[in-house]
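Structural characterization, general
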Amino acid sequence: MQKHDRSESLFAQALEVIPGGVDSPVRAYGSVGGTPLFIARGQGAHIVDTDGNRYLDYVCSWGPLVLGHAHHRVVGALRDLVMNGTSFGAPSPLEVALARTVVDTVPSIDLVRFVSSGTEANMTALRLARAHTGRDGIIKFAGGYHGHTDALLVEAGSGSATLGVPSSAGVPAAFAGLTLVAQYNDVDSVEALLQANREGIAAVIVEPVAANMGVVAPAPGFLEGLRELTLRYGAVLIFDEVISGFRVAPGGAQELYGVTPDLTCLGKIIGGGLPVGAVGGRRDIMELLAPLGPVYQAGTLSGNPLAMAAGSETLAELLRPGAHEKLETLSAHLEEGLAWAIAEVKIAARVQRVGSVLTLFFTGDEVTNFPSASRSDRERFGRFFHGMLERGFYLPPSQFEAWFVSLAHTQADIEATVDAAREAMAGLA
Ligand code: PMP
């Protein structure tokens with residue numbers, strides 16, 4: 001049995017000074033039970049907690065660490081930079097370099113503005129869409145997460161498309177009322193909302209690969225349908241590629257599926273593990289941003305040199321020939337191995353994957369949207385999570401999150417994961 005004494009003691013101390021003991025809710029293990037682990041260090045695909053237990057990491061900081069922990073290129077660049085100052089509040093060469101890579105790699109992006117989180121990127125994208133269209137309404141999808149900005153903390157109360165109600169206290173009903181909720185992979189649910197609100201909808205915002213209800217791929221025609229509808233109704237199409245960007249293909253989901261949005265939100269990988277977000281897109285819309293245009297947006301640490309450097313080094317490594325193919329091969333083996341383990345153990349579960357993000361859902365039925373994701377057996381997931389943790393595998397502590405594979409994972413890591421998953425699943429019956 002692993003010992004978690006230090007984590008338990010740190011958590012007790014944290015509870016005295018931090019709400020719930022964590023700085024982001026999912027870290028609290030609320031849906032799987034137990035005490036969150038306090039992590040001391042990471043190297044490659046592994047992390048070590050404060051009690052000295054070592055784990056193979058499938059969280060990878062929720063996506064940014066596509067090269068693994070403490071990659072020598074990222075660490076080297078940061079070490080060189082930090083001696084010369086960490087923030088200037090003035091332009092620095094590194095943001096131009098990263099912006100150039102983003103513009104050259106992501107098909108729809110003519111101009112890009114860096115911010116410090118995915119939440120900020122989405123907030124700014126909405127403001128731009130509203131300024132561009134002169135409209136206020138937003139359509140999002142049930143189970144789609146775009147950060148914790150007021151307008152986007154709204155989910156459908158039930159399976160069908162409904163008027164938004166806040167999914168957090170403190171969000172004014174008046175704000176939430178501007179957000180309408182459609183069903184992922186259901187173009188008709190979007191069209192119905194657009195039709196009922198002709199002239200009212202500024203934007204449709206979507207994770208082109210849904211990853212916050214667990215991983216759900218867009219059905220054939222879904223993204224194309226959103227593109228066609230938004231053009232027809234004069235709304236801005238926003239792809240939130242905070243997870244999928246640079247991950248599912250060099251140019252993100254828009255490259256993989258060949259659908260071009262008007263605006264794209266980025267984060268995670270482009271900061272290589274330091275705090276970053278970005279919004280980019282069509283030149284005419286992006287030129288609405290201050291100081292060129294009337295849409296105000298700013299940030300003390302925006303374009304921070306350390307974050308820009310970590311992002312540039314990460315992208316340089318990830319955009320090398322063969323890198324995405326390697327991620328795909330590793331991830332496909334993981335998917336196949338887990339599917340084999342599920343069949344061996346004869347348990348109601350399925351694996352859904354796009355590129356190097358996947359989810360093992362404890363339901364036998366295909367997951368296509370939030371209602372079908374919600375039918376997963378969360379109690380079973382909680383026991384599976386702890387079974388894997390005990391065997392040295394660190395999974396996201398929620399049924400509705402993605403596992404992230406990195407370039408630091410090896411074939412042997414994948415095989416060990418499959419063996420452990422088979423044992424852990426066998427223990428659930
Ligand atoms: N969009 C998506 C698709 C995300 O997955 C997340 C965070 N997981 C965000 C936005 C918010 O990003 P951040 O946590 O950096 O604010």
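Residues numbered from 1 in each chain as written. Predicted model: local features only at pLDDT ≥ 70, side-chain atom pairs only at ≥ 80, totals over all residues. Heavy atoms only, no water.

When you go through the chain residue by residue, the secondary structure sums to 14 helices and 17 strands. Over its C-alpha atoms the chain spans a radius of gyration of 21 Å, differing by no more than 12% from the 22 Å that the globule rule assigns to 429 residues. In terms of principal-axis extent, the alpha carbons of the chain reach across some 60 × 55 × 50 Å. Here the chain holds 429 residues, and the buried ones make up 55% of them. Surface accessibility of the chain: about 17,500 Å² in total, with carbon and sulfur atoms responsible for 54%. Across the chain, the centroid of the 31 positively charged side chains sits 1 Å from that of the 45 negatively charged ones. (Helix = DSSP H or I, 4+ residues; strand = E, 2+ residues; numbered from the N terminus. Rg over C-alpha atoms; globule rule 2.2 N^0.38 Å. Buried < 20%, exposed > 50% of the residue type's maximum accessible area, 1.4 Å probe, protein only. Areas by Shrake-Rupley, 256 points an atom, 1.4 Å probe, with all protein chains shown as cover. Lys, Arg positive; Asp, Glu negative; His and termini not counted. Charge placed at Lys NZ, Arg CZ, Asp CG, Glu CD.)

Okay, the side chain of His-4 next. Looking at the element boundaries, His-4 is found in the segment before α1 (5–17). Within polar-contact distance, the side chain of His-4 engages the side chain of Gln-2 at 2.8 Å. Excluding residues that lie within four positions of it along the chain, His-4 makes contacts with Leu-37, Asp-49, Asp-51, Asn-53 and Tyr-55. (Polar contact = N/O pair within 3.5 Å; in protein donor to acceptor, adjacent residues only side chain to side chain. Contact = heavy atoms within 4.5 Å.)

Close to the ligand lie 13 residues; Gly-118, Thr-119, Asn-212, Asp-240 and Lys-268 are nearest. For the ligand, a nitrogen atom lies 2.6 Å from a polar atom in the side chain of Asp-240. A distance of 2.9 Å is found between a nitrogen atom of the ligand and a side-chain nitrogen or oxygen belonging to Lys-268. Surface burial for the ligand is 80%, taken as the share of its 390 Å² of free accessible area covered by protein chains. With three residues, the single largest contributor to the shell around the ligand is helix α4 (residues 118–133). (Near = heavy atom within 4 Å.)

Turning our eyes to something else, we now look at the domain arrangement of the chain. Per the domain assignment, the segments of the chain are domain 1 (5–70 + 321–426) and domain 2 (73–318). A C-alpha centroid distance of 25 Å is found between domain 1 and domain 2. If you look at the interface, domain 1 gives 31 residues, while domain 2 gives 33 residues. Ranking the residues of domain 1 by area buried against domain 2 places His-324, Val-354 and Phe-370 at the top, with a combined share of 27%. Scanning the region where domain 1 abuts domain 2 turns up zero salt bridges. Counting across the interface, domain 1 meets domain 2 through 10 residue pairs in polar contact (both at pLDDT 80 or more). Within the residue set of the side of domain 1 that touches domain 2, elements represented by two or more residues are α11 (323–345), β14 (350–354), β15 (357–361) and α12 (370–374). For the side of domain 1 that touches domain 2, the leading source of residues is β15, giving four residues. Its residues assigned to classes, the side of domain 1 that touches domain 2 shows 21 nonpolar, eight polar and two charged. (Domains from an automatic or database assignment. Buried area = accessible area lost by both parts, 1.4 Å probe. Salt bridge = Lys/Arg side-chain N within 4 Å of Asp/Glu carboxyl O. Nonpolar A, V, L, I, M, F, W, Y, C, P; charged D, E, K, R; others polar.)

Another point: the sheet that holds β15. Taking strand neighbours across the sheet as the criterion, the three strands line up as β14-β15-β17 in an open arrangement whose pairing is antiparallel. Each edge of the open sheet is held by one strand with a lone partner, namely β14 and β17 (403–404). Two strands pair when backbone bridges link them, and β15 and β17 are joined in this way by two bridges, in the antiparallel orientation. By the bridge assignment for β17, Leu-358 is matched with Trp-403. (Pairing = 2+ DSSP bridges.)

Moving on, we get to the side chain of Asp-262. Take Asp-262: it is sitting in the loop between α8 (252–257) and β12 (263–267). A distance of 3.0 Å separates polar atoms of two side chains, one belonging to Asp-262 and the other to Arg-227. At a separation of 2.8 Å, a polar atom in the side chain of Asp-262 contacts the main-chain amide nitrogen of Leu-237. Leaving out residues up to four positions away in the same chain, Asp-262 has contacts with Arg-227, Ala-235, Val-236, Leu-237, Gly-280, Gly-281, Arg-282 and Ile-285.

Moving on, we get to the environment of Gln-43. Mapped onto the elements, Gln-43 comes out in strand β1 (residues 39–43). Note: C-alpha distance between Gln-43 and Asp-240 (197 residues apart in sequence) is 29 Å. With residues near it in sequence (within four places) discarded, Gln-43 still touches His-69 and Ala-70.

The next subject is the packing of aromatic side chains. For the structure on display, the rule yields 10 aromatic pairs. A ring pair is formed by Phe-141 and Tyr-184, whose centres lie 6.1 Å apart and whose planes are at 85°; its orientation type is edge-to-face. Residue Phe-141 is located in strand β5 (residues 137–141), and its partner Tyr-184 is located in the loop between β9 (179–182) and α6 (187–196); the two are separated by 43 residues in the primary sequence. Tyr-184 shares its class with Phe-141; the two are buried. Grouped by ring-pair contacts, the aromatic residues Tyr-29, Phe-362, Phe-381, Phe-384 and Phe-385 constitute a single cluster. (Phe/Tyr/Trp six-rings, centres within 6.5 Å; stacked < 30°, edge-to-face > 60°.)

Quick look at the sheet that holds strand β16 (residues 393–394) now. The four strands are arranged β1-β2-β3-β16 in an open sheet whose pairing can be described as mixed. Because the sheet does not close on itself, it has two edges, and the strands there are β1 and β16. Sheet topology note: the strand β3 (residues 54–57)/β16 ladder contains two bridges and is parallel. Note that in β16 the partner of Asp-57 across the bridge is Tyr-394.

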